[in-house]
Amino acid sequence: MSELYDVIILGGGPAGLTAGLYAGRSRLKTLLIEKNQDGGQIALSADVENYPGQLLEGETGVSLAARMAAQCERFGVERKRDDIQKAELSGEVKRLIGSGGTYEARTVILATGASPRPIGCENEKDFIGRGVSYCATCDGAFFRGLDVYVAGGGDSAVEEALFLTRFARKVTIIHRRDQLRAAKSIQEKAFANPKIGFLWDSIVVKAEGSDVLDALTVRNVKTGGLTVIKAAPEDGMLGLFGFVGYLPNTGLFADQLPLENGYVSTDTDMRTALPGVFAAGDVRVKSLRQVVTAAADGAIAAVQAERYLMELD
């Protein structure tokens, strides 16, 4: 028989780790399941500048997530590395079935986050890991001295473009509009950086290469004109990084919970439509997806899970 937990937290990003901290401090029997690296999307950030109380001398997403995880473990949160294949969320006992076993709890906090949205160009999948990437922190060093292109115009796109200037010869931001959507402070840094250029009103429509990415076709959305960008002969390769948004990781429970544009609908207390099931962080419907709001969601979800359990007992 599976061990029965008070709460299972699915996801080890800022929302899940904060939920674990609060649940553990409340002496709830808590299990946190994560299939990959702790930190979720924040683990891909080389520099964190907007989280209250961060290390002023320099904070990376990995270092912040590591300290969050250590806090969870300090308060007795159990950890499992597993890939959950099925979720049964109705009824008094919730079940999560993974490749490593079945886990049961009286409450579940869904903190599964979101994954990078594909750029949407032809042949994109063929060049993932061979010129196409969605993580500057992970792959930026592979493009040292090369020309790199960034698709997107929001905070993430511009921040990652700035990071890529540490390695690339030149970074060009390709944006479908004629102005960036990023915060003004981030824009100012980009415009002041001599290694960053811009292709406005444009989208990438095709990626090409015999073995690695060595050419891009870009279309102007206003004129329809096509431009082919080729890697310099001495380089033989160029980079394309996509930062055009995220897709919520809701496939496990899409048939059990109301969704809005793929995101889980909750009330302000993180309660979903199913009793005892809560959602926190980037996976839920919200207006701002940042580490600080994910952490707030996780805290609220854990407190509400505790209250739900008190009402049952």
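Just so you know, the residues in each chain are numbered from 1, in the order the chain's sequence is written. For this predicted model, a pLDDT threshold of at least 70 governs which residues receive local features, and a threshold of 80 or more governs which side-chain atom pairs are given and counted, while totals over whole chains, interfaces and linings are taken from all residues. Hydrogens and waters are ignored; side-chain quantities use all the structure's heavy atoms.

Overview of the overall build of the protein chain
Stage number 1. A tally of helices and strands in the protein chain yields six helices and 19 strands.
Stage number 2. Its C-alpha radius of gyration of 21 Å places the protein chain within 12% of the 20 Å reference for a compact globule of 313 residues.
Stage number 3. Only protein chains enter the calculation, and the probe is 1.4 Å; a residue is then buried if its accessible area is under 20% of its type maximum, exposed if over 50%, and partly exposed in between. Evaluated residue by residue, the protein chain yields a buried proportion of 49% over its 313 residues.
Stage number 4. Carbon and sulfur atoms provide 50% of the accessible area of the protein chain, an area that totals close to 14,900 Å².
Stage number 5. His is not counted here, nor are the chain ends, while Lys and Arg score as positive and Asp and Glu score as negative. A charged residue contributes its charge at one atom only: NZ of Lys, CZ of Arg, CG of Asp or CD of Glu. Averaged over its 35 positive side-chain charges, the protein chain has a centre that lies 2 Å from the centre of its 40 negative ones. Here a helix means four or more residues in a row that DSSP labels H or I, a strand means two or more in a row labelled E, and each is numbered from the N terminus. Throughout, the radius of gyration refers to the C-alpha atoms, and the reference size of a globule is 2.2 Å times the residue count to the power 0.38. Accessible surface is estimated by sampling points in the Shrake-Rupley manner with a 1.4 Å probe; for residues, cover comes only from the protein chains shown.

Quick look at the sheet that holds strand β15 (residues 239–242)
Stage number 1. The sheet built from five strands is open, its strands ordered β8-β15-β9-β10-β11 with parallel pairing. Each of the sheet's edge strands pairs with one partner strand only, and the pair in question is β8 (132–133) and β11 (196–199).
Stage number 2. Pairing between strands is defined by DSSP: at least two bridges between the two strands are required. Relative to strand β10 (residues 170–174), strand β9 (residues 147–151) runs parallel, the two being bridged by five bridges. Looking at the pairing, D147 lines up with K170 of β10.
Stage number 3. Helix-sheet contacts for helix α4 (residues 155–164) involve β9, β10, β11 and β15, and the interaxial angle to β9 is about 170°. Only heavy atoms enter the contact rule, under which two residues are in contact if any of them lie within 4.5 Å. Here the axes come from fitting lines to C-alpha atoms, over the contacting stretch only for helices, and the angles between their N-to-C directions go from 0 to 180 degrees.

So, the pattern of salt bridges
Stage number 1. By definition here, a salt bridge exists when the distance from a side-chain nitrogen of Lys or Arg to a carboxyl oxygen of Asp or Glu is within 4 Å. Scanning the model with the defined rule gives 20 salt bridges in all.
Stage number 2. Measuring nitrogen to oxygen at the nearest pair gives 3.6 Å for the salt bridge that ties D211 to R130. Of this pair, D211 sits in the loop between β12 (202–208) and β13 (215–220) while R130 sits in the loop between β7 (114–116) and β8, placing them 81 residues apart in sequence.
Stage number 3. Residue class for R130 comes out partly exposed when judged on its relative accessible area of 29%.

Concerning the layout of surface pockets
The rolling of a water-molecule-sized probe over the atoms marks out the regions of remaining empty space.
Stage number 1. For cavity detection a 1 Å grid was placed over the protein atoms alone, and a set of points counts as a cavity when a 1.4 Å probe fits there but cannot get out; an open set counts as a pocket when protein lies on both sides within 12 Å along at least five of seven lines, with lining residues being those that have an atom within 4 Å of a point. Grid points are joined across faces, edges and corners, and a volume is the space filled by probe spheres set on the points. The space that makes up the second largest pocket amounts to roughly 190 Å³.
Stage number 2. Sorting the residues of the lining of the second largest pocket by element identifies α1 (14–25), α2 (61–74) and α6 (291–312) as the ones contributing at least two each.
Stage number 3. Note on residue classes: Ala, Val, Leu, Ile, Met, Phe, Trp, Tyr, Cys and Pro are nonpolar, Asp, Glu, Lys and Arg are charged, and everything else, Gly too, is polar. Here the residues of the lining of the second largest pocket sort into nine nonpolar, four polar and two charged.

So, the nonpolar core
Stage number 1. Within the largest apolar cluster, 30 residues are counted, with the highest numbers of intra-cluster contacts made by Y51, I109 and F278.
Stage number 2. Looking at this core, the elements with two or more residues in it are β1 (4–10), α1, α2 and α6.
Stage number 3. Broken down by element, the residue count for this core peaks at eight residues, all from α6.
Stage number 4. Apart from the residues lying within four places of it in its own chain, the contact partners of F278 are T107, V108, I109, L110, D269, M270, R271, T272, A301, Q304, A305 and Y308.
Stage number 5. In this text, buried Ala, Val, Leu, Ile, Met, Phe, Trp, Tyr and Cys residues form a nonpolar core when linked through side-chain atoms within 4.5 Å. The next biggest cluster of nonpolar side chains, apart from the first, holds 23 residues, and it includes A161, L164, I186 and A190.

Side note on a positive patch on the surface
Stage number 1. On the surface, R176, R177, R181 and R219 cluster together to form a positively charged patch.
Stage number 2. A relative accessible area of 31% places R219 in the partly exposed class. Patch membership needs two things, relative accessible area over 30% and no salt bridge, and members are linked within 9 Å if like-charged or within 5 Å if nonpolar (Val, Leu, Ile, Met, Phe, Trp, Tyr).

What about unusual backbone geometry?
Stage number 1. Positive phi, close to 65°, is recorded for R27, a residue that is not glycine.
Stage number 2. If you trace the backbone, R27 turns up in the loop between α1 and β2 (30–34).
Stage number 3. R27 sits in the exposed class, given a relative accessible area of 64%.
Stage number 4. Look at M270: it is not a glycine, yet its phi comes out positive at around 70°.
Stage number 5. M270 gets classed as buried once you look at its relative accessible area, which sits at 1%.

A few points about the packing of aromatic side chains
Stage number 1. Note on aromatic contacts: the rings of Phe and Tyr and the six-membered ring of Trp form a pair at centre separations within 6.5 Å, being stacked when their planes are under 30 degrees apart, edge-to-face when over 60 apart, and tilted otherwise. Enumeration over the complete set of coordinates arrives at six aromatic pairs.
Stage number 2. Centroid distance F198 to W200: 5.0 Å. Interplanar angle 0°. Geometry classified as stacked.
Stage number 3. Judged by relative accessible area, F198 falls into the partly exposed class, the value being 23%.
Stage number 4. Relative to Y308, the ring of F278 lies with its centre 6.5 Å away and its plane at 80°, an arrangement referred to as edge-to-face. Within this pair, whereas F278 is found in strand β19 (residues 277–279), its partner Y308 is found in helix α6, the two being separated by 30 residues in sequence.
Stage number 5. A residue is classified by how much of its surface remains accessible, and F278, at 2% relative accessible area, is buried.
Stage number 6. Taking the relative accessible area as the measure of exposure, Y308 reaches 18% and is therefore buried.
Stage number 7. These aromatic residues form a ring-pair network of at least three members: F143, F241 and F243.
Stage number 8. Here the guanidinium or amino end of R25 rests over the ring plane of F75, the centre of that ring lying 5.7 Å away. Over a ring means this: the NZ of a Lys or the CZ of an Arg is within 6 Å of the ring centre and within 35 degrees of the ring normal.

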